[in-house]
Amino acid sequence: MSLKSTIDADIKAAMLAKDKVRLLALRDIKKAILLEESAAGRSGELNEGDEMRILQKAVKQRKDSADIYKQQNREDLLDKEMAEIAVIEAYLPKAMSEEELKEALTAIIAKVGASGPSDMGKVMGAATKELAGKADGRAISTMVKSLLAN
């Protein structure tokens with residue numbers, strides 16, 4: 001079942017359960033999916049990578065908002081954002097552990113033929129494509145820097 005149809009079914013369930021936070025987060029995901037499907041040059045169907053990218057973007061936006069709310073001592077809005085993050089993350093695949101990430105990046109570095117920090121761009125390009133949805137971009141970048149420095 002596609003992410004869109006899963007989201008549709010979960011929206012109906014959230015409406016029946018009168019779960020406002022879940023309903024709001026799911027509707028936002030559905031809106032993002034529909035906007036991406038109807039974007040210029042799109043055929044209408046999204047692949048799994050596009051769906052994961054949409055979900056990751058939604059989580060990142062909420063984390064950024066949560067940081068701002070925390071700085072401004074707005075606990076009410078912070079709690080709402082954190083609840084929405086939890087709902088969206090349920091649709092993302094389990095993130096890679098640090099050890100799994102290190103193994104995958106070591107293999108990518110060997111495949112690309114990187115030898116030092118000057119090859120960071122080549123490694124990041126391959127790593128972000130291969131590890132999309134499995135690891136956070138910031139974690140990938142930090143790990144690549146440490147591996148290339150050695």
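One can find the structure itself at the top, above this paragraph.
The sections below set out a description of the structure shown in this document.

Thresholds, definitions, all that
Residues numbered from 1 in each chain as written. Predicted model: local features only at pLDDT ≥ 70, side-chain atom pairs only at ≥ 80, totals over all residues. Heavy atoms only, no water. Axes fitted to C-alpha atoms, helices over the stretch in contact; angles between N-to-C directions. Helix = DSSP H or I, 4+ residues; strand = E, 2+ residues; numbered from the N terminus. Parallel < 35°, antiparallel > 145°, perpendicular 65-115°, else oblique. Left-handed = near helix turned anticlockwise from the far one by under 90°. Contact = heavy atoms within 4.5 Å. Nonpolar A, V, L, I, M, F, W, Y, C, P; charged D, E, K, R; others polar. Patch = residues over 30% accessible without salt bridge, like charges linked within 9 Å, V, L, I, M, F, W, Y side chains within 5 Å. Areas by Shrake-Rupley, 256 points an atom, 1.4 Å probe, with all protein chains shown as cover. Salt bridge = Lys/Arg side-chain N within 4 Å of Asp/Glu carboxyl O. Lys, Arg positive; Asp, Glu negative; His and termini not counted. Charge placed at Lys NZ, Arg CZ, Asp CG, Glu CD. Buried < 20%, exposed > 50% of the residue type's maximum accessible area, 1.4 Å probe, protein only.

**A short note on the packing of helix H1 (residues 3–17) against helix H2 (residues 20–37)**
Okay, so step 1: Direction vectors running N to C along H1 and H2 enclose 150 degrees, while the axes themselves pass 9 Å from each other. Classified by the interaxial angle, the pair formed by H1 and H2 is roughly antiparallel. Considering how the two elements wind past one another, H1 and H2 form a crossing that is left-handed. Residue-level inspection shows Leu 3, Lys 4, Ile 7, Asp 8, Asp 10, Ile 11, Ala 14 and Met 15 of H1 in contact with H2, the latter providing Arg 22, Leu 23, Leu 26, Arg 27, Ile 29, Lys 30, Ile 33, Leu 34 and Glu 37.
Okay, so step 2: Grouping the amino acids of the contact of H1 with H2 by side-chain chemistry returns ten nonpolar, no polar and seven charged.

**Overview of a negative patch on the surface**
Okay, so step 1: On the surface, Glu 98, Glu 99, Glu 100 and Glu 103 cluster together into a negatively charged patch.
Okay, so step 2: One can find Glu 98 in helix H5 (residues 98–112).
Okay, so step 3: In this structure Glu 98 comes out as exposed when scored by relative accessible area, which is 62%.

Such coordinate-based values are descriptive only and should not be taken to indicate function.
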